[in-house]
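Geometric and topological summary
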Amino acid sequence: TMSAPPMRALEVVVIDDNADCARTVGMLLKALGHKPYVFNSAEAAIEQLDDPAYGFVPALILSDVGMPGMNGDELAAW
């Protein structure tokens, strides 16, 4: 049988104003061996990512597009 090559854990930011959806995606990423950081608004994510104490640049950002406040398109332009 063939096995998948080992995968390195990625730091992934998940942003969705639907808390259940965001939490579920985070749990799935964690189960796959990644390090999810879950936020319920683009503003909250940016505040953390701009903080030098946070200390990482995510490998991937998964974001809802239709959110109140800053939407996913505006976040992508950030």
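Preceding block: the structure.
Everything in this summary refers to the structure shown in the same document.

Calculation notes
- Residues numbered from 1 in each chain as written.
- Predicted model: local features only at pLDDT ≥ 70, side-chain atom pairs only at ≥ 80, totals over all residues.
- Heavy atoms only, no water.
- Core = buried A, V, L, I, M, F, W, Y, C linked by side-chain atoms within 4.5 Å.
- Buried < 20%, exposed > 50% of the residue type's maximum accessible area, 1.4 Å probe, protein only.
- Helix = DSSP H or I, 4+ residues; strand = E, 2+ residues; numbered from the N terminus.
- Contact = heavy atoms within 4.5 Å.
- Pairing = 2+ DSSP bridges.
- Right-handed = clockwise from strand over helix to strand, strands pointing away.

Here the focus is the nonpolar core. Counting residues in hydrophobic clusters, the biggest one holds ten residues: Val13, Ile15, Phe39, Ala42, Ala45, Ile46, Leu49, Phe56, Met67 and Leu75. Elements with a minimum of two residues in this core: strand S1 (11-15) and helix H2 (42-49). Per-element tally for this core: the top contributor is H2, with four residues. Not counting chain neighbours up to four residues away, the residues in contact with leucine 75 comprise Ile15, Ala42, Ile46, Ile61, Ser63 and Met70.

Burial analysis of S1 places four of its five residues in the buried class, the great majority of the element. Summarising the sheet, S1 and strand S2 (residues 35-39) pair through five bridges and their orientation is parallel. Following the sheet pairing, glutamate 11 is matched in S2 by lysine 35. Crossover connection from S1 via helix H1 (residues 19-31) to parallel S2: handedness right-handed.

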